[in-house]
There are 2 protein chains.
Amino acid sequence: VKVNVGLVGFGVIGGGVVSLLQRHAEVLKLRSGVEINLKRIADVDLERPREVSVERSLMTTDFNEIIADPEIDIVLELVGGTGIAKRVVVSALEANKHVVTANKALLHAFKEELFRLSVKQKRELRYEASVAGGIPIIKVITESLAGDRIHAMYGIVNGTTNFILTKMIQEQWSFEDALSTAQDLGFAEADPTLDVNGGDATHKLDILATIAFNAQVASDRIYTEGIQALDLKDVLYAKELGYVVKLLAIGKQADEHMSLRVHPTLIPEQCSLASVSNEFNAIMLQSEFLGDSLYVGRGAGAHPTASAVVSDLCDLALSIASNQEFNPHRYSPFNEYTTRSHLEDESRFYLRLATIERPGILAVITKILGDHDISISAIIQKELSGTASEQTIPIVILTRPAREGNLRQAVTEIDALDVTCGKTVILHVEDIEL
Amino acid sequence: VKVNVGLVGFGVIGGGVVSLLQRHAEVLKLRSGVEINLKRIADVDLERPREVSVERSLMTTDFNEIIADPEIDIVLELVGGTGIAKRVVVSALEANKHVVTANKALLHAFKEELFRLSVKQKRELRYEASVAGGIPIIKVITESLAGDRIHAMYGIVNGTTNFILTKMIQEQWSFEDALSTAQDLGFAEADPTLDVNGGDATHKLDILATIAFNAQVASDRIYTEGIQALDLKDVLYAKELGYVVKLLAIGKQADEHMSLRVHPTLIPEQCSLASVSNEFNAIMLQSEFLGDSLYVGRGAGAHPTASAVVSDLCDLALSIASNQEFNPHRYSPFNEYTTRSHLEDESRFYLRLATIERPGILAVITKILGDHDISISAIIQKELSGTASEQTIPIVILTRPAREGNLRQAVTEIDALDVTCGKTVILHVEDIEL
């Protein structure tokens, strides 16, 4: 059986996919019995230098030629963005073609609409590469855990911020130095805003939560905090306490509630997630029957992403070759959850505050915390720091689990004391075991 | 659509599967559109206490009633062993039913025969639960990496030995103490031979290598070394050098060769694999496009195993519901590799030898190593140890990559010196990065 594929978008990722298909055509056929034939490639720029060369006759600047080709069964959308990419996906589905995309921004913005269209047209829309690059997390959640129930997930889903945090932790670099090195090495874009402010991780959490919890996610309800304001001091105090700071995308589900958050988080240094370094991504799932499970790999780059795109492509090619009928259930969220405010969640917290030296200060602070039902599990009081004229005493506190609303109220009161200086730093703590 | 399932073997794992199907029937139907109906359960013992209760009318002591029932589409073989289990699988396939098994011993012994029968009958034989319990490693290798090429894999695939090693590393217990605690906690069987001697890991490596390298594996060619002779001293010296000792199942493929080994291995303490502790399993894959990826989870237990069994069951149920035709390629190894002897492999090594005190000993030993083309990357010479009458000096050496045959020849010469006492301890080192 031969399956014809049209590729739209022949950039870095597209080049990786073409390279994989060229180099592994034989093994793909032996493994699946299907010949995957890359029939046509569309890109606005036919001239730019690429990782692989293809026959010029395969190429076109007009993606509509691919849509209009009745022999093409599957369209790969690797344009990126939400403009042309959306037109490609919509017109391909409308032309009764299956679609594979690596486009998280597109899914974040339009997944309900696109899933509905996929069901209406009875054509698949696959997106393994859209979250965590080469890690097969979409398949794990939708197929391997199809019979299980996921309670919580913790993801390192942004390679740029994980690289920056690794350098802060291991090399004691400031955020700014780590970011500029990441840019030099190509792990951060010229404008890194959407990475460092947590926006990119939020888009991915949105997609993961949709499938893990079978729910529609109102992604503006995801509490998001980036690492742009993270102080090296806090990374180092965390280390002293046996914790590593990671930007985590966290999704939890209990009763009728779903809680979705992206923020820098202290996790125990001995857990496997803590050792996921540099540009690597990882997702930990907690499910009822399997328990804790962890998936680690490269979250970006042409080749890892190509691996995920081709995995989708193989699934669809096999499905075409074996005359499988379309099953709409994959694309139909059926749970109705309320999205709970992060203020309602219970969590442990890391607090760092600065006080002026005066007897009984710790008693005042711990009383305020106690009044808000917050217990302390660890405390470090440091020697005086700062210039002679404005010396302050840094106090670092780890709390036991507390309601976030209470914690923030207590901190507001602490910050209003005339013995505290500046705003207390608040970071979340998650006691991950695996 | 309703799919009828017959379960043969209602023990601990079977109980987990029934529990999952009972508790998640609704969500399974919502996710897949298929109703999975557990129609009949066969077990020799209908009376023993179980995790779940089922209607007595579903149960029988004769598995042939399941095989003979034309309405049953899928048979779950959860008997274990290679006797009755084989008869169940063979007769189910011959009766044109799909089969799901969790039985690694059966696959190890008969997979070629059973895969051939599966292809002949055009019925699926799925076995996700047979390796690493709930970790979806079979699906990852056969589906997610279908377009990639795996060069190497490193697996912690035996929970018993990983538990024992964790206690030796973290608590400095001897092998014997750790084993007896593992037995008390139910992580080791009364007769732990097949776990501690590496046999169980070898069976799993056999299955993993078959699918990762698309090859027939002559499993008697797998070099196997257990942990039963592992000395706590070596675990602690390894730690001093920044390494953790794990029992790894290692498969590598290059050119026309496949190298398959199971042995205690030093891996860097900061890699993610090193932090996989206690009864957890993990498999790290190195593939051409995805690069390094790691999969961690519970490798045994009723619930994690049930999760894997039901994942196979859902795949088959969906495939039945969507009228998918059978694809034989999944079960057809096409690569012809020679299995290379471990003596031909290159690796780094850990050596511990005991010498009597005499000037120039280190020079003699390092000369012998040098003569066999073995360079040293680290060395620790300790103070005198032992009773006054037989004091020896322990010397610990880490080598650079060397051919194993050369290393063993050099060690034979070193052990024959009259200044060395006893046999030199040899352990493999793998510089895993992820």
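Rules used in this analysis
- Residues numbered from 1 in each chain as written.
- Chains lettered and ligands numbered in written order.
- Predicted model: local features only at pLDDT ≥ 70, side-chain atom pairs only at ≥ 80, totals over all residues.
- Heavy atoms only, no water.
- Helix = DSSP H or I, 4+ residues; strand = E, 2+ residues; numbered from the N terminus.
- Rg over C-alpha atoms; globule rule 2.2 N^0.38 Å.
- Buried < 20%, exposed > 50% of the residue type's maximum accessible area, 1.4 Å probe, protein only.
- Contact = heavy atoms within 4.5 Å.
- Areas by Shrake-Rupley, 256 points an atom, 1.4 Å probe, with all protein chains shown as cover.
- Lys, Arg positive; Asp, Glu negative; His and termini not counted.
- Charge placed at Lys NZ, Arg CZ, Asp CG, Glu CD.
- Pairing = 2+ DSSP bridges.
- Buried area = accessible area lost by both parts, 1.4 Å probe.
- Salt bridge = Lys/Arg side-chain N within 4 Å of Asp/Glu carboxyl O.
- Polar contact = N/O pair within 3.5 Å; in protein donor to acceptor, adjacent residues only side chain to side chain.
- Least-squares fit on C-alpha atoms with pLDDT ≥ 70 in both.
- Axes fitted to C-alpha atoms, helices over the stretch in contact; angles between N-to-C directions.
- Core = buried A, V, L, I, M, F, W, Y, C linked by side-chain atoms within 4.5 Å.
- Arc of directions from axis to C-beta.
- pLDDT = per-residue confidence, 0-100.

1. A closer look at the overall build of chain A
Phase 1: Scanning chain A from N- to C-terminus turns up 14 helices and 18 strands.
Phase 2: What you see for chain A is a C-alpha radius of gyration of 24 Å, in line with the 22 Å of a compact globule of 434 residues.
Phase 3: Its C-alpha atoms put chain A at 80 × 45 × 35 Å along the principal axes.
Phase 4: Counting all 434 residues of chain A, 60% fall into the buried class.
Phase 5: The long-range fraction of contacts in chain A, counting pairs at least 24 apart against all pairs at least 6 apart in sequence, stands at 74%.
Phase 6: Working note: accessible area of chain A is about 16,600 Å², and carbon and sulfur atoms make up 48% of it.
Phase 7: Positive and negative charge centroids in chain A, built from 41 and 59 side chains respectively, lie 4 Å apart.

2. Considering the pairing of strand E14 (residues 346-355) of chain A
All names here are of chain A.
Phase 1: When you tally the buried positions in E14, you get nine out of 10 residues, the bulk of the element.
Phase 2: Both E14 and strand E17 (residues 402-403) contribute to a ladder of two bridges, which runs antiparallel. Counted as the bridge partner of Ser 347 is Ala 402 from E17.
Phase 3: Sheet analysis places E14 next to strand E16 (residues 393-399), joined by six bridges and oriented antiparallel. What sits directly across from Ala 354, in E16, is Pro 394.

3. Let's talk about the interface of chain B and chain A
One widely used convention gives an interface's size as the accessible area the parts lose upon coming together.
Phase 1: Counting residues at the interface gives 62 residues for chain B, matched by 62 residues for chain A.
Phase 2: Summed over both sides, the interface between chain B and chain A buries roughly 5,100 Å², with carbon and sulfur atoms accounting for 53% of that surface.
Phase 3: Taken together, chain B and chain A are joined by four salt bridges.
Phase 4: Taking the shortest distance from any N to any O, the salt bridge between Glu 143 of chain B and Lys 139 of chain A comes out at 2.6 Å.
Phase 5: Inspection of the region where chain B meets chain A yields 29 residue pairs in polar contact (both at pLDDT 80 or more).

4. A look at the relation of the copies chain B and chain A
Phase 1: Superposing chain B onto chain A requires a rotation of 180 degrees together with a translation of 0.0 Å along the rotation axis, leaving an RMSD of 0.0 Å. What the rotation and shift describe, once combined, is the action of a two-fold rotation axis.
Phase 2: The fraction of interface residues of chain B whose copies in chain A are also interface residues reaches 100%, indicating that both copies meet through the same surface.

5. Examining the pattern of salt bridges
Phase 1: Enumeration according to the criterion identifies 65 salt bridges over all chains in this entry.
Phase 2: Here Arg 56 of chain A and Glu 47 of chain A are joined by a salt bridge, their closest N and O atoms 3.0 Å apart.
Phase 3: Judged by relative accessible area, which is 47%, Arg 56 of chain A ranks as partly exposed.
Phase 4: Assessed through its relative accessible area of 58%, Glu 47 of chain A is described here as exposed.
Phase 5: Taking the shortest distance from any N to any O, the salt bridge between Lys 39 of chain B and Glu 71 of chain B comes out at 3.1 Å. Of this pair, Lys 39 of chain B sits in strand E2 (residues 35-42) while Glu 71 of chain B sits in the loop between helix H3 (64-68) and strand E4 (74-77), and the two are 32 residues apart along the sequence.

6. Notes on the environment of Val 296 of chain B
Phase 1: Here Val 296 of chain B shows up in strand E12 (residues 291-298).
Phase 2: The buried category is assigned to Val 296 of chain B, whose relative accessible area is 0%.
Phase 3: Distance from Val 296 of chain B to Val 276 of chain B, taken between C-alpha atoms, is 7.5 Å for residues 20 residues apart in sequence.
Phase 4: With residues up to four places along the chain from it excluded, the contact list for Val 296 of chain B reads Asp 292, Ser 293, Leu 294 and Leu 434 of chain A together with Ile 135, Val 276, Asn 281 and Ala 282 of chain B.

7. A few points about the side chain of His 342 of chain A
Residue and element names in this part refer to chain A.
Phase 1: With respect to the helices and strands, His 342 occurs in the loop between strand E13 (338-339) and E14.
Phase 2: You can call His 342 buried: its relative accessible area is 15%.
Phase 3: Setting aside anything within four residues of it in sequence, one finds His 342 in contact with Tyr 223, Arg 261, Glu 404 and Arg 408.

8. Describing the sheet that holds E2 of chain B
Residues and elements named next belong to chain B.
Phase 1: One open sheet holds the six strands; their spatial order is E3-E2-E1-E4-E5-E6, and the pairing between them is parallel. Pairing within the sheet leaves two strands with one partner each, and these edge strands are strand E3 (59-60) and strand E6 (125-126).
Phase 2: Sheet topology places strand E1 (residues 2-8) next to E4; four bridges connect them, and they run parallel. If you follow Val 5 over to E4, its bridge partner there is Ile 74.
Phase 3: Sitting on the sheet, helix H4 (residues 84-94) is in contact with E1, E4, strand E5 (98-101) and E6, with an inclination near 170 degrees to E4.

9. Thoughts on the nonpolar core
Within soluble globular proteins, side chains that are nonpolar generally end up buried alongside one another.
Phase 1: Judged by nonpolar contacts, the single largest core of 198 residues is most densely connected at Ile 137 and Leu 273 of chain A together with Ile 137 and Leu 273 of chain B.
Phase 2: For Ile 137 of chain A, the residues in contact, after removing those within four places along its chain, are Glu 128, Val 131, Ala 132, Leu 208, Ile 283, Leu 285 and Tyr 295 of chain A.

10. Considering the sheet that holds strand E3 (residues 59-60) of chain A
Backbone hydrogen bonds hold the strands of a sheet together, and the pairing may be parallel or antiparallel.
Residues and elements named next belong to chain A.
Phase 1: Within the open sheet, the six strands sit side by side as E3-E2-E1-E4-E5-E6. Their pairing is parallel. Edge positions in the sheet fall to E3 and strand E6 (125-126), since each of these pairs with one other strand and no more.
Phase 2: The strands that helix H12 (residues 302-321) touches are strand E1 (2-8), strand E2 (35-42), strand E4 (74-77), strand E5 (98-101) and E6; relative to E5, the one it contacts most, it runs at about 165 degrees.

11. Some points on helix H8 (residues 175-184) of chain A
Residues and elements named next belong to chain A.
Phase 1: Where H8 is concerned, the buried positions are Phe 175, Ala 178, Leu 179 and Ala 182. Each buried residue of H8 lies within a common arc of 100 degrees when the element is viewed along its axis, so the set occupies one face.
Phase 2: In the core, the buried residues of H8 are packed alongside helix H7 (159-171) and helix H9 (193-196).

12. Here's the deal with the confidence of the model for chain A
Phase 1: Counting all residues, the mean pLDDT for chain A is 94, and 99% of those residues have values of 70 or more.
Phase 2: For this predicted complex, the interface confidence score (ipTM) comes to 0.96, while the overall pTM stands at 0.96.

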